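Take a look at the letters that make up each chain.
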Amino acid sequence: MNVLMQNISFKTDDKKLAEMFGEKAEKIAKKLESSKDITTTQFRKFYDKVLELNDKAQNLSDDEFAIKVLPFLKMLNSKVSYAKTRDVCGDNFAILMNKSIKKVNSVEELQNFKYFLESIIGFMPKK
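Structural notes, computed from the coordinates. (Residues numbered from 1 in each chain as written. Predicted model: local features only at pLDDT ≥ 70, side-chain atom pairs only at ≥ 80, totals over all residues. Heavy atoms only, no water.)

### Observations concerning the packing of helix H2 (residues 40–57) against helix H6 (residues 107–123)
Each pair of packed helices can be summarised by the angle the axes make with each other and by the distance between the axes. Filter applied, for reference: Working convention: axes come from line fits to C-alpha atoms, limited for helices to the stretch in contact. Angles between N-to-C directions cover 0 to 180 degrees. Numbering of helices and strands runs from the N terminus; a helix is a DSSP stretch of H or I covering at least four residues, while a strand is a stretch of E covering at least two. Throughout, the term roughly parallel applies to angles under 35 degrees, roughly antiparallel to angles over 145, roughly perpendicular to angles from 65 to 115, and oblique to all others. Crossing handedness is read from the near helix: turned anticlockwise from the far helix by less than a right angle, it gives a left-handed crossing, and turned clockwise, a right-handed one. Any two residues whose heavy atoms approach within 4.5 Å are treated as being in contact. Residues were grouped as follows: Ala, Val, Leu, Ile, Met, Phe, Trp, Tyr, Cys and Pro as nonpolar; Asp, Glu, Lys and Arg as charged; and all remaining residues, including Gly, as polar.
Their axes nearest at 10 Å, the elements H2 and H6 cross at an angle of 155°. With respect to each other, H2 and H6 are oriented roughly antiparallel. In this structure, H2 meets H6 at a crossing whose hand is left-handed. Seen from H2, the contacting residues are Phe43, Arg44, Tyr47, Val50, Leu51, Leu53, Asn54 and Ala57; seen from H6, they are Val107, Leu110, Gln111, Phe113, Lys114, Leu117, Glu118, Ile120 and Ile121. Among the residues forming the contact of H2 with H6, the class breakdown is 12 nonpolar, two polar and three charged.

Here is the structure:
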């Protein structure tokens, strides 16, 4: 998973967004599935939290975002850690979330992170 998470960026001007939302998201989905790291249902719960935070972030300045949303996004790492201790998710998902959350520092980056997770869900097998 570490190799898949290299060169990750959620900046809108990054030309790699198309690759991240396509090829990289598909590879990550396959890795999560093959390692039985997290169920689609559990993944969706974390995605829903990111979606909620993204909705709150819309129309905020970067300063407002840093105060009103970013702390709660960073807190997701503790929720992932807790889920890991309960064997609800594995190392690969924890790495994905931790490294991704570290890359989010603005409203636009949060929106692109949301799209990234949405892409991964789209590639996860439906059961």
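### Examining the environment of Met75
To keep things clear, this is the line we draw: Remark: exposure states derive from per-residue accessible area (1.4 Å probe, protein chains only) relative to the maximum for the residue type, with buried under 20%, exposed over 50%, and partly exposed in between.
Locating Met75 in the fold gives a position in helix H4 (residues 70–85). Taking relative accessible area as the criterion, Met75 reaches 37% and is therefore assigned partly exposed. When the C-alpha atoms of Met75 and Ser106 are compared, they prove to be 16 Å apart, with 31 residues separating the residues in sequence.

These results come straight from atomic positions and should not be treated as a statement about function.
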